[in-house]
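# Commentary on secondary and tertiary structure
Given next are the chains, with one letter for each unit.
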Amino acid sequence: MSCELSETATPEDFARPRWVGQPDVLERAQRLSQKFEEAYGRAPVGVWAAPGRANLMGEYVDFSGGMCLPFAHQYVTLTAAAPREDGVLNAQSMQDADESVADDRPRSTRIDDIEPGVISGWFGYVAGVAWGMNRVARGASAHPVAVPELGLPTSFGADLMVDSTVPIGAGLASSAALECSVALSLFSLNTGNDHPNDALRRALARACMDAENYIVGANTGGLDQTASLRSHAGEILALDCRDFDVVRLPADPALAGLTWLAIDTRAPHKLADGQYSSRRAECEAAAAVLDVPTLRDALPEHPTPDDAAAVLDRFDHLLEVGAELTEDRENTRLRLRHSMTEMVRSVQIADELHSDSPDWAFVGRLLVEGHESMRDDCEVTVPELDAAVDGCLSAGALGAKVVGGGFGGSVIALVSLESVDRLAAAVQLCFAQNGFREPLFLTLQPSEAGRRIL
């Protein structure tokens, strides 16, 4: 795979890269409100927006209690909503019918009838949220602290219509953005509270996680929903997935003349087909061998690369003396190595971002290490993702890595503001040389969490 760009080449030498425009969220919300009224014969009470997320580090470690470094970006999913009093949840989507997550068919269910295994497709992300809110309200979630404010009365229902500016299937958390915008709308319709505090947002994130785990069937760990509901503009979250506490890190690469560039490879991105769940099962099997509740518990509070290597040595020794392993040995060791080194990289980046003058070149090198681990140890990249990273690095990016769960989706790169166009041209050329679909390009800004906007 060749991804080299001549030093004398300029962006004009290649096909013009395709950029995804910056969303006009208010205009989209107003249009959605009009479409809602046409569909339901009444105006919505409001429109709620929730963003997708990018993640600098901490892939495939949220379910193992590791630290993740996500931020909410400016692309959002919108939900227009109005209440009902018959216990029925109706939903329609403005997305094209051939999209992977949403289609334009109206869907309907009684909220009391929602349960695992009965709802499929994009509507599972919507209906699952109502189910998850009631589950969290009674303390039945995986983190059993009852939050009764989330409970929906038996008579509660809603009409919903959704629209999205988050590229679907790009690994930028379009599904979590959908869940979180629905959660905010249902919570507001039921309680009248448009400004839930961080504790309630944490509970709403748990409801969305339960929706994805049990109704949709994607065994994800909560990174996306937390970023969508609890981020602040201009900051990156240091999310401790042991207890879902967050530390907000000021991180503005523009002060150093840099920006975050995302490349949507347009390779299909699907996590509900067992690939994500199999990685989680292997991590849980490794934790069982090490006799720890989660893999994060195998490391000290502030882990180093040496600590990660020591855990691998201990794992090998335990297997040699007869420890039982329920998953494939080679695969499990690879997942363990990824988890340990990824957790260390997250701590290293968080430490760097705590400083007054972050060493962005060091952060970039860690991004590359993270991608190599996702490729070699987690085994979730595809040729398009590797080509995008290679193309970014060949054109001078400080770092680049797959973002999200892999198996398609996007790459995030740390690039100088003055080289964005040249870098996009390099990736464009690389994809053309390898016969891949034309990629899409987005610049990402750490943005506000979900909120009512209309």
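Nothing here was measured: the structure is a model prediction, and the numbers come from that model.

### Focus on the overall build of the protein chain
Each helix and strand in the protein chain was counted, giving eleven helices and 14 strands. Once the C-alpha set of the protein chain is aligned to its principal axes, its extents read approximately 60 × 60 × 40 Å. Burial analysis of the protein chain (454 residues in total) assigns 59% to the buried set. Considering only contacts in the protein chain between residues 6 or more positions apart, those separated by 24 or more positions represent 74%. Distance between charge centres in the protein chain, computed from 37 positive and 67 negative side chains, equals 4 Å.

### Things to note about the UniProt feature "domain: GHMP kinase C-terminal" (unreviewed entry) in the protein chain
Here, UniProt's "domain: GHMP kinase C-terminal" (unreviewed entry) annotation points to residues 359-428. Structurally, residues 359-428 comprises 54% helix and 17% strand, and the distance from its first C-alpha atom to its last is 29 Å.

### Thoughts on the sheet that holds strand E12 (residues 410-416)
Pairing is mixed across the open sheet formed by five strands, whose spatial order is E1-E13-E10-E12-E11. Looking at strand neighbours, the two that pair on one side only are strand E1 (18-19) and strand E11 (399-403), the edges of this open sheet. In terms of strand pairing, strand E10 (residues 258-264) meets strand E13 (residues 440-444) through five bridges, oriented antiparallel. Following the sheet pairing, isoleucine 263 is matched in E13 by phenylalanine 441. Here helix H10 (residues 383-394) sits on the sheet and contacts E10, E11 and E12; the angle it forms with E11, its principal contact strand, is near 165 degrees.

### So, the packing of aromatic side chains
All told, the structure shown has nine aromatic pairs when counted by the stated rule. Each ring, one from phenylalanine 431 and one from phenylalanine 436, has its centre 5.4 Å from the other, and the planes form 80 degrees; the classification is edge-to-face. Following the ring pairs from residue to residue traces out a cluster consisting of Tyr60, Phe63 and Tyr276. Directly above the ring of tyrosine 214 sits arginine 135, whose terminal nitrogen or CZ lies 4.4 Å from the centroid.

### Here we look at helix H3 (residues 174-191)
Helix length check: H3 (18 residues) gives 26 Å between terminal C-alpha atoms against 26 Å at 1.5 Å per residue, within 8%. Glycine 192 sits one or two residues past H3 and shows a positive phi near 80 degrees.

### Quick look at unusual backbone geometry
Of note in the backbone geometry, alanine 173 takes a positive phi value of approximately 70 degrees without being a glycine. Mapping alanine 173 onto the fold places it in the loop between strand E7 (157-164) and H3.

### Overview of the pairing of strand E6 (residues 107-110)
Side chains Arg107 and Thr109 project from E6 onto a buried face, and the interleaved Ser108 and Arg110 project onto a face without burial. Of the pairings in the sheet, the one linking strand E5 (residues 88-93) to E6 comprises four bridges and is antiparallel in character. Paired with alanine 91 across the strands is arginine 107, a residue of E6.

### A few points about the packing of H10 against helix H11 (residues 420-433)
Two packed helices can be described by the angle between their axes and the distance between those axes. Where H10 meets H11, the closest approach of the two axes is 8 Å, and the angle between their N-to-C directions is 140 degrees. The angle between H10 and H11 falls in the class oblique. Judged by the twist between their axes, the crossing of H10 over H11 is right-handed. Residues Glu384, Ala387, Ala388, Gly391, Cys392 and Ser394 of H10 form the contact with H11, whose participating residues are Leu423, Ala426, Val427, Cys430 and Phe431. For the contact of H10 with H11, the per-class residue count stands at eight nonpolar, two polar and one charged.

### Some thoughts on the pattern of salt bridges
One pass over the full model with this rule turns up 24 salt bridges. Aspartate 163 is the partner of arginine 28 in a salt bridge, and the nearest nitrogen-oxygen pair spans 2.9 Å. Pair noted here: arginine 28 is in helix H1 (residues 25-40) and aspartate 163 is in strand E7, with a separation of 135 residues, a long-range link. On the basis of relative accessibility, which here comes to 3%, the residue aspartate 163 falls in the buried class. A cluster of three or more residues bridged by salt bridges with shared partners is formed by Arg42, Arg84, Asp86 and Asp159.

### As for the sheet that holds E7
Spatially, six strands are ordered E6-E5-E7-E4-E2-E14 in an open sheet, and the strand pairing comes out mixed. Edge strands, defined here as strands with exactly one partner in the open sheet, are E6 and strand E14 (451-452). Strand direction decides the pairing type here: E5 and E7, joined by five bridges, are parallel. Counterpart to serine 93 in the pairing with E7 is valine 162. Taken strand by strand, helix H2 (residues 123-137) contacts E5, E6 and E7, and its axis lies near 150 degrees from that of E5.

### Some remarks on the nonpolar core
Formed by 58 residues in total, the largest nonpolar core has its most connected members in Leu295 and Leu336. For this core, the element with the highest residue contribution is H11, accounting for seven residues. If near-sequence neighbours (up to four positions away) are discounted, leucine 336 is found in contact with Ala286, Leu290, Leu295, Val311, Leu312 and Phe315.

### Focus on the packing of helix H9 (residues 360-376) against H10
One way to put it is that H9 packs onto H10 with a least axis distance of 11 Å and a crossing angle of 160 degrees. Accordingly, the angle class assigned to the pair H9 and H10 is roughly antiparallel. Crossing geometry of H9 relative to H10 is assigned as left-handed. Counting all contacts with H9, which are made through Val368, His371 and Arg375, the residues of H10 involved are Leu385, Asp386, Val389 and Leu393.

### Description of helix H8 (residues 329-354)
Between the first and last C-alpha of H8 there are 38 Å, a value that for 26 residues agrees with the 38 Å anticipated at 1.5 Å per step. Of the residues that open H8, the one with a side-chain oxygen 3.2 Å from the backbone nitrogen of glutamate 330 is aspartate 328.

### A word on the UniProt feature "domain: Galactokinase N-terminal" (unreviewed entry) in the protein chain
Under the UniProt annotation, "domain: Galactokinase N-terminal" (unreviewed entry) lies at residues 34-83. When the span residues 34-83 is considered, its composition is 14% helix and 52% strand, and the gap between its end C-alpha atoms is 17 Å.

Quick notes on the rules
- Residues numbered from 1 in each chain as written.
- Predicted model: local features only at pLDDT ≥ 70, side-chain atom pairs only at ≥ 80, totals over all residues.
- Heavy atoms only, no water.
- Helix = DSSP H or I, 4+ residues; strand = E, 2+ residues; numbered from the N terminus.
- Buried < 20%, exposed > 50% of the residue type's maximum accessible area, 1.4 Å probe, protein only.
- Contact = heavy atoms within 4.5 Å.
- Lys, Arg positive; Asp, Glu negative; His and termini not counted.
- Charge placed at Lys NZ, Arg CZ, Asp CG, Glu CD.
- UniProt positions renumbered as here; feature names shortened; annotations may be inferred.
- Pairing = 2+ DSSP bridges.
- Axes fitted to C-alpha atoms, helices over the stretch in contact; angles between N-to-C directions.
- Phe/Tyr/Trp six-rings, centres within 6.5 Å; stacked < 30°, edge-to-face > 60°.
- Lys NZ or Arg CZ within 6 Å of the ring centre and 35° of its normal.
- Expected span 1.5 Å × (residues − 1).
- Parallel < 35°, antiparallel > 145°, perpendicular 65-115°, else oblique.
- Left-handed = near helix turned anticlockwise from the far one by under 90°.
- Nonpolar A, V, L, I, M, F, W, Y, C, P; charged D, E, K, R; others polar.
- Salt bridge = Lys/Arg side-chain N within 4 Å of Asp/Glu carboxyl O.
- Core = buried A, V, L, I, M, F, W, Y, C linked by side-chain atoms within 4.5 Å.
- Polar contact = N/O pair within 3.5 Å; in protein donor to acceptor, adjacent residues only side chain to side chain.

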